[in-house]
Amino acid sequence: MRSPRQPAALVALLTGLALVVSATPASAHRPAPEKVPVAVGYGGAVSTVDPDATRVGLEVLRRGGNAVDAAVAAAATLGVTEPFSSGIGGGGFFVYYDAASGQVHTIDGRETAPQAMQADAFVENGVAIPFADAVTSGLSVGVPGTPATWATALDQWGSIDLRSALRGATDVARRGFVVDQTFADQIAANVARFSAFRSSADLFLRRGAPPAVGSVFRNRDLAATYDLLARRGVAELYTGRLARDVVRTVQDPPVSRRSGLVVRPGLLELADLASYHAPLRAPTLVSYRGLDVYGMAPPSSGGSTVGEALNILETSDLAALGTTQALHHYLEASALAFADRNRYVGDPDVVDVPLEQLLSDGFAAERACVIDPSTALVKPVPPGVPDGRYEGCGAAATVGTEGSDGQSTTHLTTADRWGNVVAYTLTIESLGGNGIVVPGRGFLLNNELTDFNFVDTQNGNDPNLPGPGKRPRSSMAPTIVLQDGKPLLAVGSPGGSTIITTVLQILVNRLDLGMELGAAVAAPRASQRNTAAVQAEPAFPRADLQALGHTFVDTPEIGAATGIELLPDGSFLAVAEPVRRGGGSAAVVDRR
Ligand code: GLU
């Protein structure tokens, strides 16, 4: 461990001073911090999509904070530097390995629907409203869960208070950070709708366009909002002034009349915010090739779907089968697990999710039985029947359809010198959330309620229709793998429903196909979510799989993962994307 007087802290201090000295007008340019996709060393590790967030998390570790403290500090910084993917206007799922007890805990920080929301909330005149209309609306805003997640994590397992955890992020918001290509691109993708809301245009646009790459971007409103949370606690967002501002923005979206945009108001009331809580939930757990794989339970489908697919895959020796058969099994197991996810997984407080059966070896054997090594199954496949009676190759008679999911979100991973590990995925759903910055507060609202299915997709049995106080089903899959009770690795990714296949593919790459974690993350991805064609990155090798009957549709990139592995010599291997979404930022406290 380094004391605050030793070199690392000095460097951090000097970096901070350099920041003050160079705090120049918004038009000034300075070099963006370097992005490093792989780092190995000791003393703890942080991996996020963004160098400022990683630096802030690392500084917390250097000052003696633990993995939970660092995760909250890094997440708060992502709210500044990656505001289109996450922030206090959204929600997420926090998975934590506690070294002292050897237990894995999770926090469900998912947004909730207003009490006034009914199953047909997204239906008008008998038809679902256009998805894009729902995205940019007040109607799609759920009660934010991220502030409650941070408070709960710090209360339960942190060693610093919220004020300290927010300090680094507040500095970044106030002093500014360097706009990189990803930040500019993400604004460019949102110019039309940001222009429609004065609060969003004022914050993110410069004469109607994204700020220049290399310019310094400040968010003083968000700095003041973080100050408020630091002083008064997160209750400010659930019962205080911030709550009133959120409700006003949702009920009466500040859309400019000139934009011509129809922006439906939302149903959120102060009482919805006041009754929010972020419960601790038991993690999902499956054993895979002698390892224990922990994930996020419903309302996320991450843990159950990754877990079921792993159980299906475990019935074959993938390493012995060779790459083509391993990938064939990976695609088939994904499709089968997605059919079951779509049919059975929703908010466990509202629907009866047969989680134990979905994660049972008997059910996996029944599902695995339909995989044919010589031919791809016709998709979509029907869901199975997780009823505890497993003989042969059972399946339900009717096939459902896949609902829609967003393309945004962020995942971060932290580990500390005491052996605690955090895998935390958070989101505001679409890239740019609902497009509306809460006036004067510096953050975007989520559109998470578009994760509900707008109409029944499961022949009268849809577990994911809207409902009062209900949490929409998520795909977020923060995952921690233990070996003999100690962390081996932690991983996660953004990407809507592709999150599940990204995490699964990384685990297969790492645990079955012999890749190191960095290579497992960088490898070309393919995603089969029980649809006719497999989505695949251009570099994904497909000829041998096509010969088995798989069809492919190209997509430029899938996911943006981060992860950390604990190596046998006690060092940390921190991993981020080398290329996807502009590359991520992995770091360790003491480089080897
Ligand atoms: N809202 C999505 C979910 O919870 C995540 C959005 C995304 O990753 O794009 O599954």
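Since the structure is predicted, the reported quantities are computational estimates derived from the model, not experimental observations.

### Side note on the overall build of the protein
Of the regular secondary structure elements, the protein holds 21 helices and 20 strands. Its C-alpha atoms give the protein a radius of gyration of 23 Å, near enough to 25 Å, the size a compact globule of 592 residues would have. For the C-alpha atoms alone, the extent of the protein along its principal axes is close to 70 × 65 × 45 Å. Evaluated residue by residue, the protein yields a buried proportion of 61% over its 592 residues. Carbon and sulfur atoms form 54% of the exposed surface of the protein, whose accessible area is close to 20800 Å².

### A word on the site of the ligand
Taken together, 15 residues surround the ligand, and among them Ser408, Thr409, Glu429, Glu448 and Asp451 come closest. In the model, an oxygen atom of the ligand is placed 2.6 Å from a nitrogen or oxygen of the Thr409 side chain. Ser475 is positioned such that a nitrogen or oxygen atom in its backbone is 2.7 Å from an oxygen atom of the ligand. Within the complex, the protein chains bury 100% of what would otherwise be the 290 Å² of accessible surface of the ligand. Taken together, the residues that form the shell around the ligand break down as two nonpolar, nine polar and four charged.

### Considering the packing of aromatic side chains
If you walk through the whole model with that rule in mind, you get 17 aromatic pairs. Between Phe177 and Phe217, the aromatic rings sit 5.6 Å apart at their centres with planes inclined by 50°, giving tilted as the arrangement. Residue Phe177 is found in strand β6 (residues 177-178), and its partner Phe217 is found in strand β7 (residues 216-217); the two are separated by 40 residues along the sequence. No difference in accessibility class separates Phe177 from Phe217, as the two residues are buried. One aromatic cluster in this structure is built from Phe84, Phe177, Phe183, Phe194, Phe204 and Phe217.

### Quick notes on empty space enclosed by the protein
Space left empty within the atom packing is revealed by a probe, the size of a water molecule, rolled over the atoms. A complete count under the given rule lists six cavities of 30 Å³ or more for this structure. Around the second largest cavity, the lining is made up of 13 residues, and of these Thr284, Val293, Gly295, Gly303 and Val306 lie nearest the centre. Among the elements of the structure, β9 (284-288), β10 (291-295) and α14 (302-314) are those that each provide at least two residues to the lining of the second largest cavity. Ranked by residue count, the leading element in the lining of the second largest cavity is α14, at four residues. Its residues placed into classes, the lining of the second largest cavity shows seven nonpolar, six polar and no charged.

Rules used in this analysis
- Residues numbered from 1 in each chain as written.
- Predicted model: local features only at pLDDT ≥ 70, side-chain atom pairs only at ≥ 80, totals over all residues.
- Heavy atoms only, no water.
- Helix = DSSP H or I, 4+ residues; strand = E, 2+ residues; numbered from the N terminus.
- Rg over C-alpha atoms; globule rule 2.2 N^0.38 Å.
- Buried < 20%, exposed > 50% of the residue type's maximum accessible area, 1.4 Å probe, protein only.
- Areas by Shrake-Rupley, 256 points an atom, 1.4 Å probe, with all protein chains shown as cover.
- Near = heavy atom within 4 Å.
- Polar contact = N/O pair within 3.5 Å; in protein donor to acceptor, adjacent residues only side chain to side chain.
- Nonpolar A, V, L, I, M, F, W, Y, C, P; charged D, E, K, R; others polar.
- Phe/Tyr/Trp six-rings, centres within 6.5 Å; stacked < 30°, edge-to-face > 60°.
- 1 Å grid on protein atoms, 1.4 Å probe; cavity = no way out; pocket = protein on both sides within 12 Å on 5 of 7 lines; lining within 4 Å.
- Points joined across faces, edges and corners; volume = space filled by probe spheres on them.

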